[in-house]
Amino acid sequence: MSSPPGTPASLRVGWILALVALLALVAIPVAMNHAAQVAVARLRLDIGPAYDAAQSLYATLRDRRDARLLYRLTGDAQWREAYQEATRRAEGHLAGLVKSADALEPELRAQARRVEAAVTDLIAASPLPPPVPAPAPAGPAEQRAVARSRQAFAALETFIRQLERSRARVSARLGAIAAAETVVVLALGLLAIFVGAYIVDASRHLERDHEFETRRAERLARALAQADADRERTAALAALARATALALDPKEVAQTAIRHLEEHLNIKNVLVYAAAEGAHLQILAFDAPHPELFVQRWERIHWPTAELLVARAVRRGETVVAGRGDQGVPAASRQAMTALGVETLAAVPLYARGRLAGALVLLLPPEHVFTTAERELTEAMGRQVAVALENSRLLQEAEAEREKVRRAEAQREEFYREVVLAVTGGRLVLHERAELQPTCAENIAAVRDVRDIRAARVAVRERAIAMGLAPDRARDLELAVAEAAANAWKHAGGGSVCVCRTEEGVEAYVVDQGPGINPDDIARAAFEKGFSTAHTLGAGFTLMLSLTDRVHLVTDDHGTTVALEMRWQPLPQPEPWESWQAVNAP
């Protein structure tokens with residue numbers, strides 16, 4: 001449909017107004033969708049502090065529990081101090097968790113209150129017990145403390161899982177909102193193309209004279225030029241985003257930004273500063289004349305007090321562009337510009353997630369005019385560089401934290417192994433899986449139900465006597481294997497048994513593929529008579545230690561291997577507490 005020739009030009013204005021109205025109708029959903037996206041993103045940010053506080057509280061409560069147990073066993077003052085310090089840190093983490101939970105959803109706030117009650121009850125119900133001179137069964141107070149501990153850890157684990165599920169739901173909602181926004185933007189583009197084509201067709205019939213065609217050609221030329229500029233800008237930003245997304249090192253991010261800025265702005269002399277400790281800006285990379293001047297005078301800038309344009313831009317939080325002869329230019333910046341032979345300096349602060357990430361500095365020669373389009377492109381690139389620098393900083397901090405946790409876990413495991421070895425007088429040896437592998441030619445029994453345990457006992461006794469072990473010691477080995485096989489059947493659903501001959505004697509292996517033994521329960525299972533849980537070897541563990549010369553143990557989430565060593569001649573068998581006293585005697 002088109003208008004006939006000679007239609008008044010006011011009709012064209014009507015078409016334009018109709019287009020504006022249509023664009024406004026489509027823009028409203030876009031704005032609403034963006035507002036929803038911002039709200040959901042804010043909800044996701046609110047989950048982060050609560051999640052960090054919950055994880056820290058969980059780790060601190062574990063440290064407190066370990067220190068309490070070791071103090072009860074050893075009476076060492078350092079464990080009392082560790083217990084008190086862990087209690088103070090737990091109270092601080094709990095306060096942070098409760099405070100951060102105020103911004104969460106009602107369900108998460110309610111769970112946070114349950115965590116607060118459980119942890120508060122745990123702290124109140126588990127004071128530091130007096131050290132005991134020898135292992136003794138836990139009394140009612142100690143049993144209540146263990147129950148409170150389990151309740152507190154269960155509440156914390158439930159809260160952490162709820163936070164993780166909430167974070168996943170928020171991420172899914174963000175994805176859905178982004179997809180909806182993309183669809184709306186595409187619809188807006190298609191509508192604009194359709195209506196624009198219709199207006200162009202109608203205008204062709206409204207204006208026939210040469211003057212109109214000339215003006216129309218000029219408008220089209222400007223539109224094409226703007227489109228080319230926008231396309232180039234979009235391409236430049238996309239290229240920078242791809243390049244910085246792959247750069248993990250801050251210096252690599254800075255060098256990538258310099259290369260793209262110089263390429264798309266057709267300039268030289270670009271500097272990238274990164275935020276450093278103590279409110280300083282530190283040069284990451286630069287491409288500028290006289291590099292020795294920067295290294296000597298402007299490599300590190302205290303931006304809150306420095307009299308430089310880059311410091312002024314960071315303080316204001318906005319781009320500053322100034323010429324060497326402009327009024328108000330700091331003397332230090334004017335001297336730097338004169339020394340470098342530049343006429344104009346542009347400083348762009350880099351902020352990401354409300355945090356200062358650094359600054360961009362462009363040194364422009366006299367013949368270069370810094371246009372509005374170049375400024376917008378520089379600021380857009382600066383936003384991408386800021387995000388990349390912040391991401392690289394967060395990644396480095398996360399890597400450092402993971403390495404710290406890994407080292408702490410390794411030290412804790414090594415310490416635990418040494419303590420168990422010392423307390424048992426060398427009779428209980430904890431191994432890594434690669435350190436303990438059965439050397440038997442074949443399995444002599446498979447334990448699938450309770451009836452298989454007796455068959456395994458008989459096979460072990462007969463094989464051990466055939467290998468040369470004394471009958472009475474073969475009977476002890478038989479009983480120890482029976483205990484290990486019973487535990488494999490009860491807690492892992494079954495396992496296998498094999499017997500090997502060594503130079504020193506006979507070794508019997510009981511192997512299962514169960515969930516493994518809880519490391520925190522190994523010491524109690526070994527030294528506390530009558531102790532048993534669903535994830536330990538139970539009361540039979542102490543029996544195995546008393547019947548054999550040495551017990552070797554490997555346990556993890558891949559299963560448990562128990563190696564029972566019986567030598568030709570028996571080794572002395574001190575009680576665990578006597579071994580502990582002997583090792584720690586002054």
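Residues numbered from 1 in each chain as written. Predicted model: local features only at pLDDT ≥ 70, side-chain atom pairs only at ≥ 80, totals over all residues. Heavy atoms only, no water.

S.K.: What exactly am I supposed to notice about the overall build of the chain here?
M.R.: Per the secondary structure count, the chain includes 15 helices and 12 strands. Buried residues in the chain amount to 41% of all 586 residues. Summed over its atoms, the accessible surface of the chain is roughly 30,800 Å², and 57% of this surface lies on carbon and sulfur atoms. (Helix = DSSP H or I, 4+ residues; strand = E, 2+ residues; numbered from the N terminus. Buried < 20%, exposed > 50% of the residue type's maximum accessible area, 1.4 Å probe, protein only. Areas by Shrake-Rupley, 256 points an atom, 1.4 Å probe, with all protein chains shown as cover.)

S.K.: How should empty space enclosed by the protein be read in this particular structure?
M.R.: By rolling a water-sized probe across the atoms, one finds the places where empty space is left. Across all of its chains, the model carries two cavities of 30 Å³ or more by this definition. Volume-wise, the largest cavity comes out at about 160 Å³. Lining the largest cavity we find 15 residues, and of these Leu308, Val310, Ala336, Leu345 and Val361 sit closest to its centre. For the lining of the largest cavity, the leading source of residues is helix H9 (residues 331-340), giving four residues. By residue class, the composition of the lining of the largest cavity is 14 nonpolar, one polar and no charged. (1 Å grid on protein atoms, 1.4 Å probe; cavity = no way out; pocket = protein on both sides within 12 Å on 5 of 7 lines; lining within 4 Å. Points joined across faces, edges and corners; volume = space filled by probe spheres on them. Nonpolar A, V, L, I, M, F, W, Y, C, P; charged D, E, K, R; others polar.)

S.K.: Whenever I open this one, the environment of Glu432 confuses me. Can you help?
M.R.: Examined against the element boundaries, Glu432 turns out to sit in the loop between strand E7 (428-430) and strand E8 (445-447). By relative accessible area, which is 40% here, Glu432 ends up partly exposed.

S.K.: Could you clarify how one ought to interpret the side chain of Thr548 in this entry?
M.R.: Assignment of secondary structure puts Thr548 in the loop between helix H14 (540-547) and strand E11 (550-556). Separated by 2.7 Å, the side chain of Thr548 and the backbone oxygen of Met544 make a polar contact. (Polar contact = N/O pair within 3.5 Å; in protein donor to acceptor, adjacent residues only side chain to side chain.)

S.K.: Even after reading the chapter, I still don't get the pattern of salt bridges, so can you show me in this structure?
M.R.: When their charged atoms lie close together, side chains carrying opposite charge are able to pair. Using the criterion set out here, one finds 20 salt bridges in the structure. Its salt-bridge partner being Arg433, residue Asp556 comes within 3.0 Å of it at the nearest N-O pair. Pair noted here: Asp556 is in strand E11 and Arg433 is in the loop between E7 and E8, with a separation of 123 residues, a long-range link. Residue classification places Asp556 among the partly exposed residues on the basis of a relative accessible area of 24%. (Salt bridge = Lys/Arg side-chain N within 4 Å of Asp/Glu carboxyl O.)

S.K.: Got a minute to help me understand the sheet that holds strand E3 (residues 300-302) in this structure?
M.R.: The strands that make up a sheet are held in pairs by hydrogen bonds between backbone atoms, and each pair lies either parallel or antiparallel. Here six strands make up an open sheet; going across it, the order is E3-E2-E1-E6-E5-E4 and the pairing antiparallel. At either end of the open sheet lies a strand with only one pairing partner, and these are E3 and strand E4 (320-323). The average angle at which neighbouring strand axes cross in this sheet is 20 degrees, direction not considered. Bridge count between strand E1 (residues 270-276) and strand E2 (residues 280-287): seven bridges; the pairing is antiparallel. Considered in E2, the bridge of Ala276 is made with His280. Across the face of the sheet, helix H6 (residues 250-265) comes into contact with E1, E2 and strand E6 (355-364) while running at roughly 55 degrees to E2. (Pairing = 2+ DSSP bridges. Axes fitted to C-alpha atoms, helices over the stretch in contact; angles between N-to-C directions. Contact = heavy atoms within 4.5 Å.)

S.K.: Just to check I follow, could you spell out a positive patch on the surface for this structure?
M.R.: There is a patch of like positive charges on the surface, built from Arg161, Arg165, Arg169 and Arg173. Topologically, Arg161 is positioned in helix H4 (residues 140-206). (Patch = residues over 30% accessible without salt bridge, like charges linked within 9 Å, V, L, I, M, F, W, Y side chains within 5 Å. Lys, Arg positive; Asp, Glu negative; His and termini not counted. Charge placed at Lys NZ, Arg CZ, Asp CG, Glu CD.)

S.K.: Would you mind going over the side chain of Thr378 with me for this structure?
M.R.: Position of Thr378 relative to the elements: it lies in helix H10 (residues 372-423). What makes Thr378 buried here is its relative accessible area of 0%. With residues near it in sequence (within four places) discarded, Thr378 still touches Leu261, Leu265, Val348, Leu360, Leu362 and Phe370.

S.K.: Got a minute to help me understand the pairing of E6 in this structure?
M.R.: Consecutive residues of a regular strand have side chains that alternate between opposite faces of the sheet. Burial of E6 is extensive: nine of the 10 residues sit out of reach of the surface. Where E1 and E6 come together, five bridges link them in antiparallel fashion. Residue pairing across strands places Tyr273 opposite Ala359, the latter belonging to E6. In this sheet, E6 lies alongside strand E5 (residues 344-352) in antiparallel orientation, the contact comprising nine bridges. Its bridge partner being in E6, Pro349 is matched across the sheet by Ala359. In textbook terms, the turn of a hairpin is the stretch between consecutive antiparallel strands, and for E5 and E6 this stretch comprises two residues, one of which, Arg353, has a positive phi near 55 degrees.

S.K.: Would you explain the environment of Trp303 in this entry?
M.R.: For Trp303, the position within the fold is in the loop between E3 and helix H8 (309-316). Linking Trp303 and Arg315, residues 12 residues apart in sequence, is a C-alpha distance of 7.3 Å. Not counting chain neighbours up to four residues away, the residues in contact with Trp303 comprise Ala279, His280, Leu281, Ala311, Val314, Arg315 and Leu356.

S.K.: Just checking my understanding: could you explain the sheet that holds strand E9 (residues 495-501) for this structure?
M.R.: Judged by pairing direction, the sheet is mixed, and its six strands sit side by side in the order E7-E11-E12-E10-E9-E8 without closing on themselves. Looking at the sheet topology across the chains shown, the edges are occupied by E7 and E8. Between one strand and the next, the sheet's axes are offset by a mean angle of 20 degrees, whatever the strand orientation. Across eight bridges, the pairing between strand E10 (residues 505-512) and strand E12 (residues 559-567) is antiparallel. In the strand pairing of E12, Ala508 is matched with Leu564. Contacts from helix H12 (residues 471-492) reach E8, E9, E10 and E12 within the one sheet, and its direction differs from that of E10 by about 10 degrees.

S.K.: Is there a simple way to explain H12 in this structure?
M.R.: With 22 residues, H12 extends 30 Å from end C-alpha to end C-alpha; this agrees with the ideal 32 Å at 1.5 Å per step. Of all the residues in H12, the buried ones are Arg473, Ala474, Leu477, Glu478, Ala480, Val481, Ala482, Ala484, Ala485, Ala486, Asn487 and Ala488. Positioned one or two residues after H12, Gly493 has a phi angle of 80 degrees, which is positive. (Expected span 1.5 Å × (residues − 1).)

S.K.: It is not clear to me how the pairing of E9 should be interpreted in this structure. Could you clarify?
M.R.: The buried count for E9 comes to six of seven residues, which makes it a mostly enclosed element. Sheet topology note: the E8/E9 ladder contains three bridges and is antiparallel. Across the sheet, Val447 pairs through a bridge with Gly495, a residue of E9. Where E9 and E10 come together, six bridges link them in antiparallel fashion. Residue pairing for E10: Cys500 is matched across the bridge by Glu507. If you look at the hairpin formed by E9 and E10, you'll find three residues sitting between the two strands.

S.K.: Mind showing me how you'd approach the nonpolar core here?
M.R.: Where a protein is soluble and globular, its nonpolar side chains tend to be buried together. Counting 35 residues, the largest nonpolar core has Leu477, Val481, Val497, Met544, Val551 and Leu564 as its most contacted members. Broken down by element, this core gets its largest block of residues, nine residues, from H12. Setting aside anything within four residues of it in sequence, one finds Leu477 in contact with Val460, Ala464, Leu469, Val506, Ala508, Thr548, Leu564 and Met566. With 28 residues, the next largest nonpolar core counts Ala54, Val119, Leu122 and Phe153 among its residues. (Core = buried A, V, L, I, M, F, W, Y, C linked by side-chain atoms within 4.5 Å.)

S.K.: I keep staring at helix H2 (residues 77-101) and nothing clicks. Help me out?
M.R.: Each full turn of the α-helix corresponds to 3.6 residues, which orients residues three or four apart in the same direction. An ideal rise of 1.5 Å per residue puts 36 Å on 25 residues; H2 measures up with 36 Å between its terminal C-alpha atoms. For H2, every residue scored as buried is listed here: Trp79, Tyr83, Ala86, Thr87, Ala90, Leu94, Leu97, Val98, Ser100 and Ala101. Where H2 begins, the capping side chain belongs to Asp76, and its oxygen is found 3.1 Å from the backbone nitrogen of Gln78.

Fair warning: the whole summary comes from geometry, so function is off the table for now.
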